[in-house]
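If you want the building blocks of each chain, they are given just below.
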Amino acid sequence: MRVDKVKLKELIKNKINRAGLNEEHAEVVADVLTHADLRGIHSHGAMRVEYYAERIAKGGINPNPNIKFEKTGPASGVLEADGGVGHYMAKKAMEEAIKMAKEVGVAVVGVKNMSHSGALSYFVQQAANEQMVALSMCQSDPMVVPFGGAEPYYGTNPIAFAAPSSSGDNIIIDMATTVQAWGKVLHARSKNESIPDTWAVDENGEPTTDPFKVKALVPIAGPKGYGLMMMVDVLSGILLGLPFGKHVSSMYEDLTAYRKLGQLHIVINPEFFGDKQVFLDKVTQTIEELHEIKPAKGFDRVMYPGEPEILRSKAYEKDGIEIVDDIYEYLESDVIHNNNYDNKDPFAK
Ligand code: NAI
């Protein structure tokens, strides 16, 4: 069904708030999830609400954390999230990074001990909207084989970059460092379809086309994606003194415990590297030149990263956001959660 973004945000906020999270934090969760759905990234939108609600209700997210931001140097800082909800913490840390980059040109800000923070595009967009360049990366639960390995070690460790342009549209590349998201394997299971042999491996570490035999996902681009995924973990985990690699907590293992995840933002103020207007104009020029490239067979035109999401947002703004009926019914209902997620094997569901 189609839902207006204001209505969707309100439904998400109410559910998360009723699960026990304070109103200010619930508001940010709702904003980040609605942002994802509006961009067509439904894997990180309203479909996550029931899981968050169950985790909050069971004590696995701190509803009233003692947040501490420490400026550790002229261009660095660490936000202690105290088990709080990741969306709020990552947003707050980005606000600090933007403030710092306005003053000193660059900023690196880490978040420690947070829970899942959702779609990273939200946070790099905060900086792009202030005409800054940004990167953000975070840890996620171990379900990916390292290149050459037959058992999982890393998470889908996403990374996002944003650059503003003079037209007001932002370039945003925001991606998991795995070939496919776990949600796509679940989708194939639900339709009893096979998957390409490039997405995942079975219990022996062999490529599989059977979605029910999947025991781990694989990194993008072989050893290169594996290296990228590893550096995301080094920067958002090891650097911040947090659990890393296979020691990162699983999303569904214990819904009563805080997750202790890390995220790192890097913000660059173009004013400190030349004329800001020239920078913005040249990003626009790049976009225009890419649009003029002759399309390959099977393509209408070349798009810039983030453009598919902008196009989907425009359509959803007009016609409402497409939401699965069951998810909408849950959001409207009085049910907080249905005990669906606790102690689940991430590959079993
Ligand atoms: P995706 O595969 O949907 O998109 C990846 C990127 O490719 C996007 O920036 C998109 O704009 C770009 N793109 C796609 N088609 C394009 C085209 N034709 N031309 C130009 N650019 C194009 O993303 P993925 O990997 O499925 O990730 C989805 C979301 O999941 C992200 O928001 C990510 O941050 C989030 N995520 C969050 C995690 C967490 O623990 N917080 C873990 C893993 C992912």
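Look above for the structure.
Reading the values: the criteria
Residues numbered from 1 in each chain as written. Predicted model: local features only at pLDDT ≥ 70, side-chain atom pairs only at ≥ 80, totals over all residues. Heavy atoms only, no water. Core = buried A, V, L, I, M, F, W, Y, C linked by side-chain atoms within 4.5 Å. Buried < 20%, exposed > 50% of the residue type's maximum accessible area, 1.4 Å probe, protein only. Helix = DSSP H or I, 4+ residues; strand = E, 2+ residues; numbered from the N terminus. Contact = heavy atoms within 4.5 Å. Pairing = 2+ DSSP bridges. Axes fitted to C-alpha atoms, helices over the stretch in contact; angles between N-to-C directions. Salt bridge = Lys/Arg side-chain N within 4 Å of Asp/Glu carboxyl O. Right-handed = clockwise from strand over helix to strand, strands pointing away. Near = heavy atom within 4 Å. Polar contact = N/O pair within 3.5 Å; in protein donor to acceptor, adjacent residues only side chain to side chain. Areas by Shrake-Rupley, 256 points an atom, 1.4 Å probe, with all protein chains shown as cover.

Section: the nonpolar core
Core analysis: the largest hydrophobic core is formed by 62 residues, its most contacted members being Leu8, Ile12, Ile16, Leu21, Met94, Val267 and Leu331. A per-element tally of this core places helix H4 (residues 86-104) first, with nine residues. Setting aside its immediate chain neighbours within four residues, Met94 contacts Phe123, Val124, Gln126, Ala127, Ala134, His265 and Val267. Counting 13 residues, the second largest nonpolar core, distinct from the first, contains Met143, Trp182, Leu217 and Phe347.

Points about the sheet that holds strand E3 (residues 76-80)
Taken together, the seven strands give an open sheet; going across it, the order is E2-E3-E4-E10-E5-E6-E7, and neighbouring strands pair in mixed fashion. Of all strands in the sheet, those bounded by a partner on one side alone are strand E2 (68-73) and strand E7 (171-175). Recorded for the sheet is a direction-independent mean angle of 10 degrees between the axes of neighbouring strands. The pairing of strand E4 (residues 106-114) with strand E10 (residues 261-268) spans seven bridges and is classified as antiparallel. Within E10, the position partnered with Val109 by the bridge is His265. Set on the sheet, helix H7 (residues 222-236) makes contact with strand E5 (133-138), strand E6 (159-163), E7 and E10; between it and E5 the angle comes to about 90 degrees.

With respect to the pattern of salt bridges
Oppositely charged side chains are able to pair whenever their charged atoms sit close together. In the structure shown here, the tally under the stated rule is 16 salt bridges. Asp342 is the salt-bridge partner of Lys58, the closest N and O atoms lying 3.2 Å from each other. A residue pair is termed long-range when its members are at least 10 positions apart, and Lys58 in the loop between helix H3 (49-57) and E2 and Asp342 in the segment after helix H10 (325-332) qualify at 284 residues. Taking the shortest distance from any N to any O, the salt bridge between Arg301 and Glu307 comes out at 2.9 Å. Looking at Glu307, the relative accessible area reads 5%, which means it is buried. Residues joined by salt bridges that share partners form a network here, namely Lys9, Lys13, Glu23, Glu27 and Asp31.

A look at the pairing of E4
In the sheet, E3 pairs with E4 via five bridges, with the strands oriented parallel. Residue pairing for E4: Ser76 is matched across the bridge by Val108. Regarding the hand of the β-α-β motif, the stretch spanning E3, H4 and E4 is right-handed.

Observations concerning the site of the ligand
In the region of the ligand, 22 residues are neighbours, and Gly118, Asp174, Ala176, Gly306 and Glu309 sit closest. Within the contact set of the ligand, an oxygen atom lies 2.8 Å away from a backbone nitrogen or oxygen of Gly306. Within the side chain of Glu309, one N or O atom sits 2.6 Å away from an oxygen atom of the ligand. The protein chains hide 76% of the 870 Å² of surface that the ligand would expose on its own. Those elements that place two or more of their residues in the shell around the ligand are E7 and helix H9 (307-319). Per-element tally for the shell around the ligand: the top contributor is E7, with four residues.

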